[in-house]
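Each chain, letter by letter, is given below.
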Amino acid sequence: MLDKLFAGTAGFFVQSDPVSVPDSFRDTFNFLQGNGVYEEGTMHFLKEMKNTIWTHYDAFIADAQALCAIFMLIFLRSKAMK
């Protein structure tokens, strides 16, 4: 009985037709992403920077871990000295 209940509720939430998105929503979403807020040159720079980060994410993660370890040691040392 329980699996029939879950199958029935799961079938209820299945969407068969794609949702039509109005152009005003697309314009709003693009605005929230920065389109129209910043100049085109800035947006091009930010897009290329995002692509670089996604391409080389492992180097960014390694750098973030190293910085985290350094700041953790500094923080713990300052707490130990009090």
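Residues numbered from 1 in each chain as written. Predicted model: local features only at pLDDT ≥ 70, side-chain atom pairs only at ≥ 80, totals over all residues. Heavy atoms only, no water.

## A short note on the overall build of the protein
For step 1, the next point in the chain: Counting its secondary structure elements, the protein contains 4 helices and 0 strands.
For step 2, the next point in the chain: Reading the protein from its N end, one meets helices and strands in the order α-α-α-α.
For step 3, the next point in the chain: The 82 residues of the protein split such that 2% are buried.
For step 4, the next point in the chain: When the accessible surface of the protein is split by element, carbon and sulfur atoms take 67% of a total near 8,000 Å². (Helix = DSSP H or I, 4+ residues; strand = E, 2+ residues; numbered from the N terminus. Buried < 20%, exposed > 50% of the residue type's maximum accessible area, 1.4 Å probe, protein only. Areas by Shrake-Rupley, 256 points an atom, 1.4 Å probe, with all protein chains shown as cover.)

## Topic: the confidence of the model for the protein
For step 1, the next point in the chain: Of all residues in the protein, 72% attain a pLDDT of 70 or more, and the chain-wide mean is 78.
For step 2, the next point in the chain: Element-level mean pLDDT values for the protein span from 53 in helix 1 (residues 2–12) up to 94 in helix 4 (residues 57–81). (pLDDT = per-residue confidence, 0-100.)

## Brief notes about a nonpolar patch on the surface
For step 1, the next point in the chain: A surface patch of nonpolar side chains, amounting to about 560 Å² of accessible area, comprises Tyr38, Phe45, Leu46, Met49, Ile53 and Phe60.
For step 2, the next point in the chain: Counting residues per element, the nonpolar patch draws most heavily on helix 3 (residues 40–55), which supplies 4 residues.
For step 3, the next point in the chain: Looking at where Phe60 falls in the secondary structure, it is placed in helix 4.
For step 4, the next point in the chain: Since its relative accessible area comes to 41%, Phe60 is described here as partly exposed. (Patch = residues over 30% accessible without salt bridge, like charges linked within 9 Å, V, L, I, M, F, W, Y side chains within 5 Å. Salt bridge = Lys/Arg side-chain N within 4 Å of Asp/Glu carboxyl O.)

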